[in-house]
Amino acid sequence: MHKAKRTIGVMSFTLLAVLGTSQQVAAQGTQKADGAAPYPKMAPVDQYLMTNRDEEIALARSAAPASISRDATVLVLGRNGYETAVEGKNGFVCVVGRSWTGPFDWPEFWNPKIRAADCLNPQAARAIVPIFHLRAKLAMAGRSKAEMLSAVKAAYEKKQLPELESGAMDFMMSKSSYLTDEGGHNMPHLMFDTLVKDGKDWGSGAEGSPVMSSPYWFMSPNQQDQTKGLPPILVFLVGVGTWSDGTPADMHGH
């Protein structure tokens, strides 16, 4: 797939999709030349908000083909977190993710430019959307990354967050998403949220395989000790050749 081959370090809302290099090299690529983190702290709250509610709804819906997204519930980000803008009827939930819904060790965790259109199927919506709600509430309240991580762990300990169900997946096929400062900024793909322990079981990373994978909470293996108390979610990513409107991905510039 031409677009996938030339897109380096695309962040797919819940993971950094590493194309042709290791996760660590890609992560280091987002560092400034002087070694400083590009986004060391949260930007002003207003920078994460979209001023036009209808535009945010449209962007969220564009994550999936209209046959799916037109009947989906749509969330928009407000000053207190995500709010339901449209009540759906097919169990899917479409939302525009922000940077702080990505892995906790992602260098762009506080990047205010991120607008990641995502449409989650019913299984993913039941398990993952509550995490989005919690993270958004904390981020909009100005909580630190460490406070956010502690709150998520506490919520799991108290059984306030549901367990991941089998069959959870996301559509991320919007032309208009901004997923990362790296490469082409965007890439149409599908994601599968699983409890699989070894990505090799799905052919992830094998030569010629279109499948990539990354842990949900932290990209780096060196940070896995921080996942104690969190479910071991492994996310698989598969690039697709068209955007949600059916046009070829390699014909849309970014």
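Our subject is the structure listed above.
The rules behind each value
- Every chain is numbered independently, its residues counted from 1 as its sequence is written.
- Where totals are concerned, whole chains, interfaces and linings use all residues; where local detail is concerned, this predicted model gives features only for residues with pLDDT of at least 70, and gives and counts side-chain atom pairs only at 80 or more.
- With hydrogens and water stripped out, all remaining heavy atoms of the structure feed into the side-chain values.
- Burial classes: relative accessible area under 20% of the type maximum marks a residue as buried, over 50% as exposed, and values in between as partly exposed (1.4 Å probe, protein chains only).
- A run of DSSP states H or I qualifies as a helix once it reaches four residues; a run of E qualifies as a strand once it reaches two. Both are numbered from the N-terminal end.
- By definition, two strands form a pair when at least two bridges between them are found by DSSP.
- Note on aromatic pairs: the rings of Phe, Tyr and Trp (six-membered ring only in Trp) are paired at centre separations within 6.5 Å, and the planes decide the class, stacked below 30 degrees, edge-to-face beyond 60, tilted for the rest.
- The rule for a salt bridge is simple: a side-chain nitrogen of Lys or Arg has to be within 4 Å of a carboxyl oxygen of Asp or Glu.

Participant: Go over the pairing of strand β10 (residues 234-239) with me, naming the residues and quoting the values.
Facilitator: For β10, the tally of buried residues reaches five of six residues, placing the bulk of the element in the interior. Two elements, strand β8 (residues 189-194) and β10, share six bridges in a ladder whose sense is antiparallel. Within the sheet, the bridge partner assigned to Phe192 lies in β10 and is Phe236. Relative to β10, strand β9 (residues 211-215) runs antiparallel, the two sharing five bridges.

Participant: Describe the packing of aromatic side chains, and please don't skip the residues or the numbers.
Facilitator: A complete count under the given rule lists 10 aromatic pairs for this structure. Judged by centre distance (6.4 Å) and plane angle (45°), the rings of Phe92 and Phe171 are tilted. In this pair, Phe92 is assigned in the loop between β4 (81-86) and β5 (93-97) and Phe171 in strand β7 (residues 168-172), connecting sequence segments 79 residues apart. Each member of the pair, Phe92 together with Phe171, is buried. For the pair Tyr156 and Trp217, a centre-to-centre distance of 6.0 Å together with 90° between the ring planes defines the contact as edge-to-face. A residue pair is termed long-range when its members are at least 10 positions apart, and Tyr156 in helix α6 (residues 145-157) and Trp217 in the loop between β9 and β10 qualify at 61 residues. Judged by its relative accessible area of 3%, Trp217 is buried. Three or more aromatic residues joined by ring pairs form one cluster here, namely Phe104, Phe109, Trp110 and Phe218.

Participant: Would you mind going over the pattern of salt bridges in detail, with residue names and values included?
Facilitator: On inspection of all chains with the given rule, the structure shows six salt bridges. Here Arg53 makes a salt bridge to Glu83, at a shortest N to O gap of 3.5 Å. Of this pair, Arg53 sits in helix α3 (residues 53-61) while Glu83 sits in strand β4, and the two are 30 residues apart along the sequence. Of the charged contacts, one joins Asp181 and Lys113 as a salt bridge, the two residues approaching to 3.4 Å between their closest N and O atoms. With Asp181 in the loop between β7 and β8 and Lys113 in the loop between β5 and β6 (116-120), this residue pair connects regions lying 68 residues apart in the sequence. For Asp181, a relative accessible area of 25% puts it in the partly exposed group. Overall, Lys113 belongs to the partly exposed group, its relative accessible area being 38%.

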